[in-house]
Amino acid sequence: MHEVNPATQRTKVAPDINQAKYDQGLQKDTYLIVGAIALLIVVQGYVVYTILSYAGPAVSASIRALYIVFFLLVISIETVGYWQVRKSLKQHMHEFRYYD
């Protein structure tokens, strides 16, 4: 079976696993994650832009700044979440045989 090295928290690769296939699969998953982050930024950026452009001068500068800070906070939290998913994929891909 697969053994986990507690010092590195990585799974030792079994000899019957095609490492190139797994590396290529992880690379494709990374592209999907980067694409999801880009889509997230574009869509949420459009929403923020639309709201702030329609509100116009009716909204004070402090409220606009607060809204932009909230937008950046949401983007950063979701980006960290996506990268944690990638980290988990990389850590357990051999153990669960994701790409077989």
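Here goes a summary of the coordinates provided. (Residues numbered from 1 in each chain as written. Predicted model: local features only at pLDDT ≥ 70, side-chain atom pairs only at ≥ 80, totals over all residues. Heavy atoms only, no water.)

1. Points about the environment of Leu40
And step 1. Relative to the helices and strands, Leu40 is located in helix 1 (residues 19-55).
And step 2. Counting along the chain gives 39 residues from Leu40 to Thr79, while the straight-line C-alpha distance between them is 9.1 Å. (Helix = DSSP H or I, 4+ residues; strand = E, 2+ residues; numbered from the N terminus.)

2. Regarding the nonpolar core
And step 1. Residues Ile17, Tyr22, Leu26, Leu89, Met93 and Tyr99 constitute the largest nonpolar core, which totals six residues.
And step 2. Within the second largest apolar cluster, five residues are counted, among which are Val48, Leu52, Phe71 and Ile75. (Core = buried A, V, L, I, M, F, W, Y, C linked by side-chain atoms within 4.5 Å. Buried < 20%, exposed > 50% of the residue type's maximum accessible area, 1.4 Å probe, protein only.)

3. Regarding the packing of helix 1 against helix 2 (residues 61-92)
And step 1. At a closest axis distance of 10 Å, the pairing of helix 1 and helix 2 adopts a crossing angle of 170°. It follows from the interaxial angle that helix 1 and helix 2 lie roughly antiparallel.
And step 2. For the contact of helix 1 with helix 2, the per-class residue count stands at 18 nonpolar, four polar and five charged. (Axes fitted to C-alpha atoms, helices over the stretch in contact; angles between N-to-C directions. Parallel < 35°, antiparallel > 145°, perpendicular 65-115°, else oblique. Nonpolar A, V, L, I, M, F, W, Y, C, P; charged D, E, K, R; others polar.)

4. Remarks on a nonpolar patch on the surface
And step 1. There is a patch of nonpolar side chains on the surface, built from Leu39, Val42, Val43, Tyr46, Val47 and Ile51 and spanning about 590 Å² of accessible area.
And step 2. Counting through the fold element by element, Ile51 comes out in helix 1.
And step 3. Given the relative accessible area of 41%, Ile51 is considered partly exposed. (Patch = residues over 30% accessible without salt bridge, like charges linked within 9 Å, V, L, I, M, F, W, Y side chains within 5 Å. Areas by Shrake-Rupley, 256 points an atom, 1.4 Å probe, with all protein chains shown as cover. Salt bridge = Lys/Arg side-chain N within 4 Å of Asp/Glu carboxyl O.)

5. Regarding helix 1
And step 1. The first and last C-alpha atoms of helix 1 sit 54 Å apart over 37 residues, in line with the 54 Å expected at 1.5 Å per residue.
And step 2. Where the residues of helix 1 are buried, they touch helix 2.
And step 3. One or two steps after helix 1, the chain reaches Gly56, where phi turns positive at roughly 55°. (Expected span 1.5 Å × (residues − 1). Contact = heavy atoms within 4.5 Å.)

6. A look at helix 2
And step 1. The first and last C-alpha atoms of helix 2 sit 47 Å apart over 32 residues, in line with the 46 Å expected at 1.5 Å per residue.
And step 2. Buried within helix 2 we find Phe71, Ile75, Thr79, Arg86 and Leu89.
And step 3. The elements touched by buried residues of helix 2 are helix 1.

7. Things to note about the side chain of Arg86
And step 1. Considering the arrangement of structural elements, one finds Arg86 in helix 2.
And step 2. It turns out Arg86 is buried and unbridged, and the closest side chain with the opposite charge, Asp29, is 8.6 Å from it.
And step 3. A polar contact of 2.8 Å, which involves the side chain of Arg86, links it to the side chain of Thr30.
And step 4. Arg86 has contacts with Leu26, Thr30 and Ile33, leaving out every residue within four places of it along the chain. (Lys, Arg positive; Asp, Glu negative; His and termini not counted. Polar contact = N/O pair within 3.5 Å; in protein donor to acceptor, adjacent residues only side chain to side chain.)

8. Section: the environment of Ala38
And step 1. By the element assignment, Ala38 lies in helix 1.
And step 2. For Ala38, a relative accessible area of 37% gives the class partly exposed.
And step 3. Separated by 41 residues in the primary sequence, Ala38 and Thr79 place their C-alpha atoms 9.7 Å from one another.

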